[in-house]
Amino acid sequence: MSFSPYKVYTQYRPDIAHFTPFSERIYTLTHSDQTGDLFLTVSKELAFDQTNEIRDEVFGWWSLQPNTSVVFQGRVLVGTNAFPETQQDIRYQIFMREMGTALKGIFYGERWLIEMNPFLSEAPIWIQFNSNLAKYRGNVYFGKVKDYM
């Protein structure tokens, strides 16, 4: 799926204000397979009410490190015992292929925040792939935020 800014819809929950610090913002990105639309929810908590049984959402947040640097961290669910290995393999491949589009959607939806805090564009991106199978589990580096702006 290619990225189109016209297909990103951002919803700010009532617990998020314009001045809410970046470190308190949590992102839930979902999408429509039919339209290719991306739906970004910004809140102080994960928006599980926006997820579905397919569980193909991307969660993300800013993390302050002890050395005062910032990292953008995310998480996806590749599978559990309820997912056969063949399905997990397909999910893993899709997440790897589409993560760039997902990250563009998140950072486009919060572009004003990054423009107001330019140091965020230098943040490295680490996405945790969760699976009960070791070959689909781990942290994957996806470059820096500026690579998706």
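Computed from a prediction, not measured in an experiment: that's the story for all the values here. (Residues numbered from 1 in each chain as written. Predicted model: local features only at pLDDT ≥ 70, side-chain atom pairs only at ≥ 80, totals over all residues. Heavy atoms only, no water.)

Draft legend 1. Main features of empty space enclosed by the protein. If you walk through the whole model with that rule in mind, you get one cavity of 30 Å³ or more. In this model, the largest cavity occupies a volume close to 30 Å³. As for the largest cavity, its lining consists of Ser2, Phe3, Ser4, Lys7, Gly36, Leu38 and Thr101. A breakdown of the residues in the lining of the largest cavity according to their chemical character gives two nonpolar, four polar and one charged. (1 Å grid on protein atoms, 1.4 Å probe; cavity = no way out; pocket = protein on both sides within 12 Å on 5 of 7 lines; lining within 4 Å. Points joined across faces, edges and corners; volume = space filled by probe spheres on them. Nonpolar A, V, L, I, M, F, W, Y, C, P; charged D, E, K, R; others polar.)

Draft legend 2. Main features of the nonpolar core. In terms of nonpolar packing, the biggest core is built from 33 residues, with Trp62, Met99, Phe107 and Phe129 touching the most fellow members. When contributions to this core are tallied by element, the ones reaching two or more residues are strand S2 (26-31), strand S3 (38-43), strand S4 (58-64), strand S5 (70-77), helix H1 (85-109), helix H2 (111-116), strand S6 (124-130) and strand S7 (138-144). Non-local contacts of Phe129, meaning those with residues more than four positions away in its chain, are made with Val76, Val78, Tyr92, Phe95, Met96, Met99, Tyr136, Arg137, Gly138, Val140 and Phe142. (Core = buried A, V, L, I, M, F, W, Y, C linked by side-chain atoms within 4.5 Å. Buried < 20%, exposed > 50% of the residue type's maximum accessible area, 1.4 Å probe, protein only. Helix = DSSP H or I, 4+ residues; strand = E, 2+ residues; numbered from the N terminus. Contact = heavy atoms within 4.5 Å.)

Draft legend 3. Representation of the sheet that holds S6 in the model. Strand order in the open sheet formed by seven strands is S1-S3-S2-S4-S5-S6-S7, and the pairing between neighbours is mixed. Of all strands in the sheet, those bounded by a partner on one side alone are strand S1 (8-12) and S7. This sheet shows a mean twist of 20° between the axes of neighbouring strands, independent of strand direction. In this structure, S2 lies alongside S3, joined through six bridges in antiparallel fashion. When the bridges of S3 are listed, His31 appears paired with Leu38. Set on the sheet, H1 makes contact with S1, S2, S3, S4, S5, S6 and S7; between it and S6 the angle comes to about 140°. (Pairing = 2+ DSSP bridges. Axes fitted to C-alpha atoms, helices over the stretch in contact; angles between N-to-C directions.)

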